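One letter stands for each residue in the lines below.
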Amino acid sequence: MERELTGAITRSFGRPGPVDAMLRPPCEVACPIHTNAQRYIQLVAEGHDARALAVVRVTNPLPQVIGRICPHPCEEACRRGDVDEPIAICNIKRVASDGARAAGLGFEPPKIEFTTGKKVAIIGSGPSGLGAAHDLALMGVRATIFEKQPEPGGFLRTGILNYRLPKDILDEDIEYIRKMGVEIYTNADVGRAVKFNDIMAEFDAVLIAAGLSESRPLPIPGADLPQVLLAVPFLEAVNAGREVPGLGKEIIVIGGGNVAIDVARSARRVTGGKVTMVCLEADHEMPAHAWEIEDARAEGIEIVCSQGPNAIMGEGKVEGLQVKKCESVFDEHGRFSPTFCETELSVVPGDTVIVSIGQMSNLSFLPEEGPAVNERGILIFDREQCTTTRRGVFASGEVVTGPGAAVNALASGKKAAIAVARYLGVDVNFRPEPAAIGEVPADVADKVKKAPRRRMPARDAGERLKDFGEVETGLDEVDGRCEASRCLLCGSGARYSQLKCIACLTCVRVCPYGAPWADGEGLGGIDPDKCQACGICFTQCPAKAIDLTVMSEEDIAARTVAAIADSGNGELEFGCWYSQSRVAPEAAAVSLPCTGRLSVRLLLHAFESGAKKVYVAVCSEDDDGHFVHGHRQTRAAVADAQKALGEAGLDPASIELRIEPELKCRKAT
């Protein structure tokens, strides 16, 4: 079972502070579903993809899907960005699932016992509905999803094209949830195939997770021409492989968001013709993600910014889009309030217009007795409790939050699952929001070894336009492990026991990053903002008062025993994540963030556990390695252990230092 790290990051486990006890890595805090990214990154670095996937699944019911389409707010918060570039966390998540999938591991769901006897109906099978159903099942509540489309997945299936999210990947994630006992009825259009009140009568609670299933129209002259299409039905048709009537060879897409980008890239593939996007926003204001804009431009899509649609030109058929200059999009309070120069007009030529200016929900299935909607037709909703105005009816996802990323809808569904479960009497509580540790201090960032970020490989733009095959091909094993090795293990470094500390302040003297600090009574604490988890203080502490949160002395000792038991020849290598190289391939291996974490007692413990020969990987003396002074610590510990072996009448050469032959993770790609 994966070790629970929550609460382990304290300056002192002898005198924990109430604030520090909640500190978590910023990547985890920024994630809407608070996935323990640090833990699965660590496991990928060690080559344990299936175990990494298991960590992802703790909070993420759609790991393969989110590993491909997430806008990864975790990376914006990543403290590695204070040093060089953020960790490619989303890509590493995909490495975990791809690696586990290739090995045939990690796709067997837990067996669920529906002990509560409660039943919940969920309207909609998008990420919010699927996330809620998954979590309700884990809480022993039977969930049944009603989906109006022929296949489940909501906008994940109908709105996101295969080149970003292959349907077999979506199917696998949904099948995992189905195997947990979640029933999914497709072609079940609530309001038509089944009445809302009939569902209310049969189930103990209802969750509305219907999403935003319809496009907003654009009320301008010419919008009724037959070659004017709406984004959602266009994407649905393309995703289903249906022909799109009225589609020409010179497409104009109105809109600057992510859906508009998907429309434009799909139109480019379907028609092979010219595609032009027209949006209100200036280039830097476009709501689409920067990398999606970059991909669209790489595929030859022209983007015309700061222009608003004024009229669709043509008699009986589309001949172009008349636009007017947009002078500003937002008012002084940052609210959407575009202003135009009504006299500065121009025409973008084209024979087809696809409108992608936003989406809205369809709640026509709701009966007169509620749940109630407001004057704009939006569900009246309690954001904290996820409740509507009708008792026993809850809501989640974009139908109440508005458009956003799939991971946000997933988070909303998970929160609603807890609210529903509590309503049904299940003993479960909302988890408090974690707090993040601070930025990497500038003086510490200067000491951290720079390492190039691994880039996601992608098919050539010319080649990928020929079909709807997946564009991004995934990091290979070496690049995935090297990228994972860049993680700073934020907040998971040294911790100390005040009860064991003898106030010698050795840790204060040896730490190259200045993390331990002293006060009038001795060691005052270990600053988590500064600690880089190198382990030097841990190896030098004479009182054994310091340990490490990730890869503690106990962890290393246990791995040593297991590796020797599996070795067959009694040979063991202590290696390093950051090189991803082996110095003794014939030996069993224990991989560490740095062999500088090895103390004399850990080296001798290997022999006590049956090792006949121990190899220790180390950086060359002119290379400071990943951690400042790490290689010096390695050399000192090995020398002391060799001396101890000699004094015990054993062969000091039983421990051998070997220089890392190749530092794969230092190479740019």
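An account of the accompanying structure is given in this report. (Residues numbered from 1 in each chain as written. Predicted model: local features only at pLDDT ≥ 70, side-chain atom pairs only at ≥ 80, totals over all residues. Heavy atoms only, no water.)

### Some words on the environment of S412
Move 1: As for its position among the elements, S412 is in helix α15 (residues 406-423).
Move 2: Looking at S412, the relative accessible area reads 14%, which means it is buried.
Move 3: In this view, S412 contacts S128, S396, G397 and T401; residues no more than four positions away in its chain are not counted.
Move 4: A distance of 2.8 Å separates a polar atom in the side chain of S412 from the backbone nitrogen of G397. (Helix = DSSP H or I, 4+ residues; strand = E, 2+ residues; numbered from the N terminus. Buried < 20%, exposed > 50% of the residue type's maximum accessible area, 1.4 Å probe, protein only. Contact = heavy atoms within 4.5 Å. Polar contact = N/O pair within 3.5 Å; in protein donor to acceptor, adjacent residues only side chain to side chain.)

### Overview of helix α21 (residues 553-567)
Move 1: Over its 15 residues, α21 runs 21 Å from end to end, which matches the ideal 21 Å to within 8%, given 1.5 Å per residue.
Move 2: Turning to α21, its buried residues are E553, I556, A557, T560, A563, I564 and S567. Burial along α21 is one-sided: seen end-on, the buried residues are contained in an arc of 130 degrees. Opposite the buried face of α21, by more than 90 degrees, sit the exposed residues E554, A565 and D566.
Move 3: Elements that come into contact with the buried residues of α21 comprise α20 (536-540), β21 (546-548), β22 (571-576), β23 (588-592) and α22 (600-608). (Expected span 1.5 Å × (residues − 1). Arc of directions from axis to C-beta.)

### Observations concerning the packing of helix α2 (residues 37-46) against helix α18 (residues 477-485)
Packed helices, taken two at a time, are described by the angle between their axes plus the distance between the axes.
Move 1: Orientation of α2 relative to α18, taken along the N-to-C sense of each, is 135 degrees, at an axis distance of 8 Å. Between α2 and α18, the angle is such that the two are oblique. Crossing hand, α2 versus α18: left-handed. Contacts from I41, V44, A45 and E46 of α2 reach α18 at G480, R481, A484 and S485.
Move 2: Along the lines of polarity and charge, the residues of the contact of α2 with α18 split into 4 nonpolar, 2 polar and 2 charged. (Axes fitted to C-alpha atoms, helices over the stretch in contact; angles between N-to-C directions. Parallel < 35°, antiparallel > 145°, perpendicular 65-115°, else oblique. Left-handed = near helix turned anticlockwise from the far one by under 90°. Nonpolar A, V, L, I, M, F, W, Y, C, P; charged D, E, K, R; others polar.)

### What to know about the sheet that holds strand β2 (residues 119-123)
Move 1: Spatially, β4-β3-β2-β5-β16 is the arrangement adopted by the 5 strands of the open sheet, whose pairing is parallel. Only two strands of the sheet have a single partner each, and these edge strands are β4 (183-185) and β16 (393-395). Recorded for the sheet is a direction-independent mean angle of 20 degrees between the axes of neighbouring strands.
Move 2: The pairing of strand β5 (residues 205-208) with β16 spans 3 bridges and is parallel. For I208, the partnering residue across the bridge sits in β16 and is A395.
Move 3: Across the sheet, helix α7 (residues 127-138) touches β2, β3 (142-146), β4 and β5, and the angle it forms with β2 is around 170 degrees. (Pairing = 2+ DSSP bridges.)

### Topic: the pattern of salt bridges
Move 1: This model, assessed by the stated rule, comprises 35 salt bridges.
Move 2: For the salt bridge of R335 with D331, the shortest nitrogen-to-oxygen distance reads 3.1 Å.
Move 3: Note on D331: relative accessible area 21%, which makes it partly exposed.
Move 4: As a salt-bridge pair, E463 and R459 come within 3.5 Å of each other at their nearest N and O atoms.
Move 5: With relative accessibility at 15%, the residue R459 sits in the buried group.
Move 6: Where salt bridges share partners, they join R265, R269, D295, E299 and R464 into one cluster. (Salt bridge = Lys/Arg side-chain N within 4 Å of Asp/Glu carboxyl O.)

### Let's talk about the side chain of R265
Move 1: You can see R265 is positioned in helix α12 (residues 258-271).
Move 2: We classify R265 as buried; its relative accessible area is 2%.
Move 3: Engagement of the side chain of R265 in a polar contact is seen with the side chain of E299, the distance being 2.8 Å.

### Some remarks on the environment of A557
Move 1: By secondary structure assignment, the location of A557 is in helix α21.
Move 2: Linking A557 and G248, residues 309 residues apart in sequence, is a C-alpha distance of 67 Å.
Move 3: With sequence-adjacent residues up to four places away left out, A557 is seen in contact with L602 and H605.

### Things to note about the packing of aromatic side chains
What describes a pair of aromatic rings is the distance from one ring centre to the other and the angle between the planes of the rings.
Move 1: Overall, the coordinates contain 6 aromatic pairs when judged by the stated rule.
Move 2: Between the aromatic rings of F330 and F336, the centroid separation amounts to 6.4 Å while the plane-to-plane angle is 70 degrees, which identifies the pairing as edge-to-face.
Move 3: Residues F394 and Y423 carry aromatic rings whose centres are separated by 5.4 Å and whose planes lie at 65 degrees to one another, so their mutual orientation is edge-to-face. Residue F394 is found in strand β16, and its partner Y423 is found in helix α15; the two are separated by 29 residues along the sequence.
Move 4: Within the aromatic cluster, the residues linked to one another by ring pairs are F146, Y185 and F203.
Move 5: Sitting above the plane of the F107 ring, R57 keeps its charged end 5.1 Å from the centroid.
Move 6: Over the face of the ring belonging to Y176 we find R57, whose NZ or CZ atom lies 3.8 Å from the ring centre. (Phe/Tyr/Trp six-rings, centres within 6.5 Å; stacked < 30°, edge-to-face > 60°. Lys NZ or Arg CZ within 6 Å of the ring centre and 35° of its normal.)

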